[in-house]
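Listed below, chain by chain, are the residues.
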Amino acid sequence: MTPYARRGVHGQTVEALARRILGGEIPEGATLDLVALQSELDVSLTALRESLKVLAAKGMVDARQKRGTFVRARADWNLLDADVLRWQFEGGRTTDNDRALLRNLAEVRAIIEPAAVRLAAERRTDADLAALESAVDAMREQGTDPAHAVEADLAFHRALLAATHNELLERMEVVIEPGLAHRDRIVHSHPHSEDPVPAHRAVLDAVRDQDPKAAEAAMRALLDQAGRDLDRIESPDDTKGGK
């Protein structure tokens, strides 16, 4: 999906407003001053209103007579929307909401991926194995480039969901990928994270052997390692050089 920022003035306005809301600069319940926003963003009132329609469709804003356009409560936002998830994690910040979403993501992955990998082990094709192998090879060859490491990891988990040959599970990448990418950028930029290749290789080997039980165990071990990496980075002791 093409980020809104690449879709001209309209898209840039959508992203600018979304980031202000998600970052708390425009808080929940706040009424928007459209004239002021039009001036700040240097856009036409028409472009601003069209952008707000996008955010309204995602549950982030609404409009009422006598009140105007306002930010809805976070509980009303469509947090499973791919754009909302991406906006939450982009922008070079790590807020309390980001951390909470990362924890929520870890719980969702712990529910979905062990079950998904069992199906992948039973249903994988040669093409699925080639995609998984390619992702692991890229992971091994990425060296010290965090961006390549992130893309290799995303490619692996994307291929894993595809190997289930379940259309709904495949679409779970929309939920998993934005948060996983954010978590990977944090982890792969840190010198003390564990080597991800052996854990991913173990999952691949079990899928290749068509062993659902071993595949599930390997995936749970991989998720445990992912949790340790993030905990180690967020630990106060780590800032002192400890583990």
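Residues numbered from 1 in each chain as written. Predicted model: local features only at pLDDT ≥ 70, side-chain atom pairs only at ≥ 80, totals over all residues. Heavy atoms only, no water.

**Q** Before we move on, can you summarise the overall build of the chain with the specific residues and values?
**A** Assigned secondary structure in the chain consists of 11 helices and 2 strands. Here the chain holds 243 residues, and the buried ones make up 46% of them. Sequence separation of 24 or more characterises 69% of the internal contacts of the chain that already satisfy a separation of 6 or more. Accessible surface for the chain amounts to roughly 12400 Å². Of this, 51% is attributable to carbon and sulfur atoms. (Helix = DSSP H or I, 4+ residues; strand = E, 2+ residues; numbered from the N terminus. Buried < 20%, exposed > 50% of the residue type's maximum accessible area, 1.4 Å probe, protein only. Contact = heavy atoms within 4.5 Å. Areas by Shrake-Rupley, 256 points an atom, 1.4 Å probe, with all protein chains shown as cover.)

**Q** Kindly report on the packing of aromatic side chains, identifying the contributing residues and their values.
**A** According to the stated counting rule, one finds 0 aromatic pairs in the structure shown. The ring of phenylalanine 70 carries arginine 67 above its face, with NZ or CZ at 3.7 Å from the centroid. (Phe/Tyr/Trp six-rings, centres within 6.5 Å; stacked < 30°, edge-to-face > 60°. Lys NZ or Arg CZ within 6 Å of the ring centre and 35° of its normal.)

**Q** I'd like a description of the confidence of the model for the chain, backed by residues and values.
**A** Per-residue confidence for the chain gives a mean pLDDT of 87; residues scoring 70 or more make up 88%. Mean pLDDT values over the elements of the chain span from 83, in helix α9 (residues 173-188), up to 97, in helix α10 (residues 197-208). Counting interchain partners and residues more than four positions distant, the pLDDT-below-50 stretch residues 238-243 has 7 contacts. (pLDDT = per-residue confidence, 0-100.)

**Q** Got a sec to walk through the packing of helix α4 (residues 82-89) against α9? Specific residues and values, please.
**A** Look at α4 against α9: their axes get within 8 Å of each other, and the N-to-C directions meet at 10°. Viewed along their axes, α4 and α9 adopt a mutual orientation that is roughly parallel. Between α4 and α9, the residues in contact are Ala82, Leu85, Arg86 and Phe89 and Val174, Val175, Pro178, Gly179, His182 and Arg185, respectively. Taken together, the residues of the contact of α4 with α9 break down into 6 nonpolar, 2 polar and 2 charged. (Axes fitted to C-alpha atoms, helices over the stretch in contact; angles between N-to-C directions. Parallel < 35°, antiparallel > 145°, perpendicular 65-115°, else oblique. Nonpolar A, V, L, I, M, F, W, Y, C, P; charged D, E, K, R; others polar.)

**Q** How would you explain the environment of methionine 60 if you had to name every residue and give the values?
**A** Structurally, the position occupied by methionine 60 is in the loop between α3 (45-57) and β1 (61-64). A sequence separation of 19 residues divides methionine 60 from leucine 79, and the C-alpha atoms of the two residues are 9.6 Å apart. Ignoring sequence-local partners within four residues, the contact set of methionine 60 consists of Ala18, Ile21, Leu22, Leu55, Phe70, Val71, Arg72, Trp77, Val84 and Trp87.

**Q** Any chance you could break down the packing of helix α6 (residues 126-141) against helix α7 (residues 146-162) for me, citing the residues and the numbers?
**A** At a minimum axis distance of 8 Å, the contact between α6 and α7 shows a crossing angle of 165°. Overall, the two elements α6 and α7 adopt an arrangement that is roughly antiparallel. In this structure, α6 crosses over α7, and the sense of that crossing is left-handed. Together, Asp128, Ala131, Leu132, Ala135, Val136, Ala138 and Met139 of α6 and Ala152, Asp153, Ala155, Phe156, Ala159, Leu160 and Ala162 of α7 make up the contact between the two elements. Residues belonging to the contact of α6 with α7 are distributed by class as follows: 12 nonpolar, no polar and 2 charged. (Left-handed = near helix turned anticlockwise from the far one by under 90°.)

**Q** Describe the pattern of salt bridges, and please don't skip the residues or the numbers.
**A** Under the definition given, this model contains 23 salt bridges. With a closest N to O distance of 2.7 Å, arginine 158 and glutamate 177 form a salt bridge. You can see arginine 158 sitting in helix α7 and its partner glutamate 177 sitting in helix α9, a full 19 residues away along the chain. Among the residues examined, arginine 158 registers a relative accessible area of 29% and is labelled partly exposed. Overlapping salt bridges bring together Glu133, Asp137, Arg140, Glu141, Arg201, Asp205 and Arg208 as one network. (Salt bridge = Lys/Arg side-chain N within 4 Å of Asp/Glu carboxyl O.)

**Q** Which residues make up α4, and what values go with them?
**A** Because an α-helix completes one turn every 3.6 residues, residues spaced three or four positions apart along the sequence face the same direction. Summarising burial for α4: 7 of the 8 residues are buried, a large majority. For α4, every residue scored as buried is listed here: Asp83, Val84, Leu85, Arg86, Trp87, Gln88 and Phe89. The N-terminus of α4 is capped by aspartate 81, whose side-chain oxygen sits 2.9 Å from the backbone nitrogen of aspartate 83. (Polar contact = N/O pair within 3.5 Å; in protein donor to acceptor, adjacent residues only side chain to side chain.)

**Q** For the environment of proline 212, give the residues involved together with the corresponding values.
**A** Mapping proline 212 onto the fold places it in helix α11 (residues 212-234). Since its relative accessible area comes to 17%, proline 212 is described here as buried. Put simply, proline 212 and arginine 118 are 94 residues apart on the chain and 4.3 Å apart in space, counted from C-alpha to C-alpha.

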